[in-house]
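Residues per chain are reported as follows:
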Amino acid sequence: MAMDGPASCWWNNKQIVEQQHHLLGLPVSPASMELMKLIQDYPVETAVLTTAPAVPPPIARQHPVRLIVEMNTTAEMKQISLNHSYPMWTFNGSVPGPFIRARVGDVLEVRYTNKDKDGIAHNIDFHAVTGPGGGAPCLLAEQNETKTGIFQMMQPGLFVYHCAAGPVPQHVQNGMYGLMLVEPREGLPKVDREFYVMQSEWYATAETGSRELEPSWVDGMIEHPLYVTFNGSVGALTEKPICVKAGERIRLFVGNGGPNLVSSFHVIGAIFDKVYREGDVISPPARGLQTTLIPAGGASIVEWDTSVPGNYTMIDHSIFRIEKGAIGFIKVQGEARPDIYDSVDRPTPCIGCKLHN
C-alpha cells in the first residue's frame, strides 16, 4: 500500500499525519488516510516478549492485529565469563534482546525508549521491516526519549534485528541484536518444544589484573574475538542447559548477531530433519542436514526428533571457537534406546571433555 512521507514511518493519529506531511511539504494522500483507518480497525494485542532461550507461544489467531512491542535500551556491566564482565548495551535488559513473535499481515507498533545512562543515541533496524533502514530512522532515540514506529509485516520468516546507530559495529558488538519470527498465515508445523539461541562474538581487551573488559575496535577490525558465545555469555547454555524429553520434536530458532563471523551451526549427535535455511519459511525446508551455515545478521530454523536420551552439544563447527565459548548443551531425558544406540563397553567420555559430558 503506497503512502506519502518517510517510508515505513506510519502514524495512527490524523493530526500527527497532517503535521508530518505539512512539514515535508507533501499532501495528505488518500492512501495515508486509508492506512490510518486500517490500523485503527485492527484489534490491539500486546506482544509477548521472551528472554533467550525461551520463545513466545505459537500464534493461534487467524487474523492480523496491531501488535504493540515495548522495547528499551540500557547500558549495563554484565558477566560474560567466569573471568570477565563486559559493558553491554541491551534491548530490554538482556543479550540477546527479546524474541518477538508476529504473523504476516500484522501491523507492528514498536514503542522504543532509550534508557542508556551514558547518553548514547540508539535505534532498531528490523530485518523484518520493508522500508528504509528497516525502521531505524523512525526509531532513533536520544537519552530518555521514546520513539514509535509502525510497520506492516509483509514477509514471513525468521529475522534479525539490531541497533543501526553509528558507528554500527560498536553498537552490534556491544550486544544490541535479537530475533523476530514472522509466522506465515498458516503458521509453522507443530512441534513439542521451541527454543531461542543466538551466537555472537566479543572483541575486547582488559588491563592487567582487571576483570572488566573494554571493547576493542582494533580487534573487531581484524576479526579477532576474545569470546564467541551462545546467548550472550560463556556458559549460558552449559550452566543452564536446554532440557527436553526423549521423543519430543524440538525446534531451534538460531540467529547470528555477528558482528563479523559466519556460524557453522551443528548439534553433536543430531541430524536436522528440517532446516529452514536463512530463516526462509516460504520454500520447502532442507532435509537431513548435519551442519548449517548462518551468516552474520542472519538466522536459521532447525528441527529434529529427540529419540535417544543423553547429552547433545550445540557448537559452531569452526571448531576452535568452542575454546572461546561457542558451546551449549541439550539434555534429553528418557528410556535408553539400544535399538538405535548401543555399545559393547560402557560409554566413557574423555577426561576434561567439553563436548560429551
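This text goes with the structure placed above it.
Please read these numbers as outputs of a predicted model, since none were measured by experiment.

**Student:** A description of the overall build of the protein chain should follow, citing residues and the corresponding values.
**Tutor:** Assigned secondary structure in the protein chain consists of five helices and 22 strands. Counting over 357 residues, the protein chain shows a buried share of 52%. Summed over its atoms, the accessible surface of the protein chain is roughly 16,400 Å², and 54% of this surface lies on carbon and sulfur atoms.

**Student:** Give me the sheet that holds strand S8 (residues 157–162): which residues, what numbers.
**Tutor:** The strand order across the open sheet built from four strands is S4-S9-S8-S6, with neighbouring strands paired in mixed fashion. Either end of the sheet is taken by a strand with one partner, and the two such strands are strand S4 (100–103) and strand S6 (125–126). With six bridges joining them, S8 and strand S9 (residues 177–183) adopt antiparallel strand pairing. Across the sheet, residue Tyr161 finds its bridge partner in S9, namely Gly178.

**Student:** How would you sum up the nonpolar core? Please name residues and give values.
**Tutor:** Met71, Val110, Tyr112, Ile124, Phe126, Met153 and Met180 are the most contacted members of the largest nonpolar core, which has 30 residues in total. Those elements giving two or more residues to this core turn out to be strand S2 (66–79), strand S3 (85–91), S4, strand S5 (107–114), helix H3 (136–139), S8 and S9. If sequence neighbours within four positions are ignored, Phe126 has contacts with Met71, Ile100, Val110, Gly134, Leu139, Val160, Tyr161 and Met180. Counting 28 residues, the second-largest nonpolar core is a separate cluster that includes Tyr203, Phe265, Val275 and Ala286.

**Student:** Outline a nonpolar patch on the surface, listing residues and values.
**Tutor:** Among the surface-exposed residues, Trp217, Val218, Met221 and Ile222 lie close enough to one another that they form a single nonpolar patch of about 460 Å² accessible area. Considering the arrangement of structural elements, one finds Trp217 in helix H5 (residues 217–221). You can call Trp217 partly exposed: its relative accessible area is 43%.

The rules behind these values
- Residues numbered from 1 in each chain as written.
- Predicted model: local features only at pLDDT ≥ 70, side-chain atom pairs only at ≥ 80, totals over all residues.
- Heavy atoms only, no water.
- Helix = DSSP H or I, 4+ residues; strand = E, 2+ residues; numbered from the N terminus.
- Buried < 20%, exposed > 50% of the residue type's maximum accessible area, 1.4 Å probe, protein only.
- Areas by Shrake-Rupley, 256 points an atom, 1.4 Å probe, with all protein chains shown as cover.
- Pairing = 2+ DSSP bridges.
- Core = buried A, V, L, I, M, F, W, Y, C linked by side-chain atoms within 4.5 Å.
- Contact = heavy atoms within 4.5 Å.
- Patch = residues over 30% accessible without salt bridge, like charges linked within 9 Å, V, L, I, M, F, W, Y side chains within 5 Å.
- Salt bridge = Lys/Arg side-chain N within 4 Å of Asp/Glu carboxyl O.

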